[in-house]
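Each chain is listed here by its residues.
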Amino acid sequence: MLSRAEALQSDVISALFAAGSLEVAERLQRCQEERMSRRGGEAVRGWPWRCRSAGCWACRRAICQRWWQGVTLWPSDADPSVSLVHLPFVYQPGRLRPAVRYHRRACRDLRDRRARQSHRWRLVAMAGMVFDDRTMLLVARHAGINRREIAQAFQSRWPDASVGKIGTMPASWEFDLDDAVELARVRRGVEPLRIVVLPQRGVHAGVQSERNVRTGGLEPMPFLF
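No experiment lies behind these values; they were computed from the predicted model shown. (Residues numbered from 1 in each chain as written. Predicted model: local features only at pLDDT ≥ 70, side-chain atom pairs only at ≥ 80, totals over all residues. Heavy atoms only, no water.)

Taken together, R95, R101, R105 and R108 make up a surface patch of like positive charges. Within the secondary structure layout, R108 lies in helix α4 (residues 96–117). (Patch = residues over 30% accessible without salt bridge, like charges linked within 9 Å, V, L, I, M, F, W, Y side chains within 5 Å. Areas by Shrake-Rupley, 256 points an atom, 1.4 Å probe, with all protein chains shown as cover. Salt bridge = Lys/Arg side-chain N within 4 Å of Asp/Glu carboxyl O. Lys, Arg positive; Asp, Glu negative; His and termini not counted. Charge placed at Lys NZ, Arg CZ, Asp CG, Glu CD. Helix = DSSP H or I, 4+ residues; strand = E, 2+ residues; numbered from the N terminus.)

This next bit is on the packing of helix α1 (residues 2–18) against helix α2 (residues 22–38). Orientation of α1 relative to α2, taken along the N-to-C sense of each, is 155°, at an axis distance of 8 Å. In terms of their interaxial angle, α1 and α2 are classed as roughly antiparallel. When you trace α1 past α2, the crossing you get is left-handed. Facing E6, Q9, S10, V12, I13, L16 and F17 of α1, the residues of α2 in contact are L22, V24, A25, E26, L28, Q29, Q32, R35 and M36. Taken together, the residues of the contact of α1 with α2 break down into nine nonpolar, four polar and three charged. (Axes fitted to C-alpha atoms, helices over the stretch in contact; angles between N-to-C directions. Parallel < 35°, antiparallel > 145°, perpendicular 65-115°, else oblique. Left-handed = near helix turned anticlockwise from the far one by under 90°. Contact = heavy atoms within 4.5 Å. Nonpolar A, V, L, I, M, F, W, Y, C, P; charged D, E, K, R; others polar.)

A separate point is the pairing of strand β5 (residues 194–197). Residues I195 and V197 of β5 are buried on one face, while the alternating residues R194 and V196, pointing to the opposite face, are not. Summarising the sheet, strand β2 (residues 125–131) and β5 pair through four bridges and their orientation is antiparallel. Counterpart to A127 in the pairing with β5 is V196. (Buried < 20%, exposed > 50% of the residue type's maximum accessible area, 1.4 Å probe, protein only. Pairing = 2+ DSSP bridges.)

Take the pairing of strand β1 (residues 82–88) next. Taken across its seven residues, β1 has five buried, putting it largely inside the fold. Pairing analysis gives seven bridges linking β1 to strand β3 (residues 135–141), with the strands arranged antiparallel. Bridge assignment links P88 to a residue of β3, and that residue is T135. Examined bridge by bridge, β1 and strand β4 (residues 162–164) share three bridges and lie antiparallel to one another. Residue pairing in the sheet places V85 in a bridge with V163 of β4.

In regions of low pLDDT, the predicted coordinates are not meant to be interpreted in detail. For the protein, per-residue confidence averages 84 on the pLDDT scale, and residues scoring 70 or more make up 83% of the total. Within the protein, no element has a lower average pLDDT than helix α7 (residues 210–215), which sits at 39, and none a higher one than helix α5 (residues 147–157), at 95. (pLDDT = per-residue confidence, 0-100.)

The subject of this paragraph is the packing of aromatic side chains. Considering all chains together, one arrives at four aromatic pairs under this definition. Taking 5.2 Å as the distance between ring centres and 85° as the angle between the ring planes, the aromatic pair formed by W68 and F131 counts as edge-to-face. One end of the pair, W68, is in helix α3 (residues 57–73); the other, F131, is in strand β2, with 63 residues separating them in the sequence. Residue classification places F131 among the buried residues on the basis of a relative accessible area of 4%. Measuring from ring centre to ring centre gives 5.1 Å for F89 and Y91, while their planes differ by 45°; the resulting arrangement is tilted. Residue classification places F89 among the buried positions, given a relative accessible area of 2%. We classify Y91 as buried; its relative accessible area is 8%. Counting every residue linked through ring pairs, the aromatic cluster contains W68, F131 and W173. In this structure, R30 packs its charged tip against the face of W49, placed 4.0 Å from the ring centre. Here the basic side chain of R134 rests over the ring of Y91, its NZ or CZ set 4.3 Å away from the ring centre. (Phe/Tyr/Trp six-rings, centres within 6.5 Å; stacked < 30°, edge-to-face > 60°. Lys NZ or Arg CZ within 6 Å of the ring centre and 35° of its normal.)

Shown next, in the form of structure tokens:
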């Protein structure tokens, strides 16, 4: 497992050097060398240096795990107004970021269109991530809207979408060579893998005030560092 991941990391570094992204490649190479040296059995004081790049499998895994943990802890598992939305995610290798941007915008547009029909949708919020098995998972909070209505809304846009309760699920971000190179070159951390749709905040007649939103149990979106 580790040897395969490090072999792929070496290929990513070589591809970055070939593409002229020298600074990024050197950071990833240093991070890999630091990891490999700690596995040699020598005692090393302090924390090793890390590149914190999404193009590095080790740094990407650690950062994504922390962020996904924050997303899943954001709501309560027993809350019926919280659902896990599974969306199909198809994209061309090396075009990961545009595909995530498209889905992010599509999720927001779906919520906004529904909000124009019913003010209940104005409080709907979502947070999620893309995983390496070409899936996208969203945690959606939908106070005042039942899960069946949420499922119907998403399936009207993505017929293969599924909506259910939040449960324990494996999480992996071992992307292939083209995707890892793309993530490294954009230099935006794990931002290209995240989906965040915050609730609308406008106030007009027939819509809950911002004060009611705050007292209605809508907790702030989680951010982990």
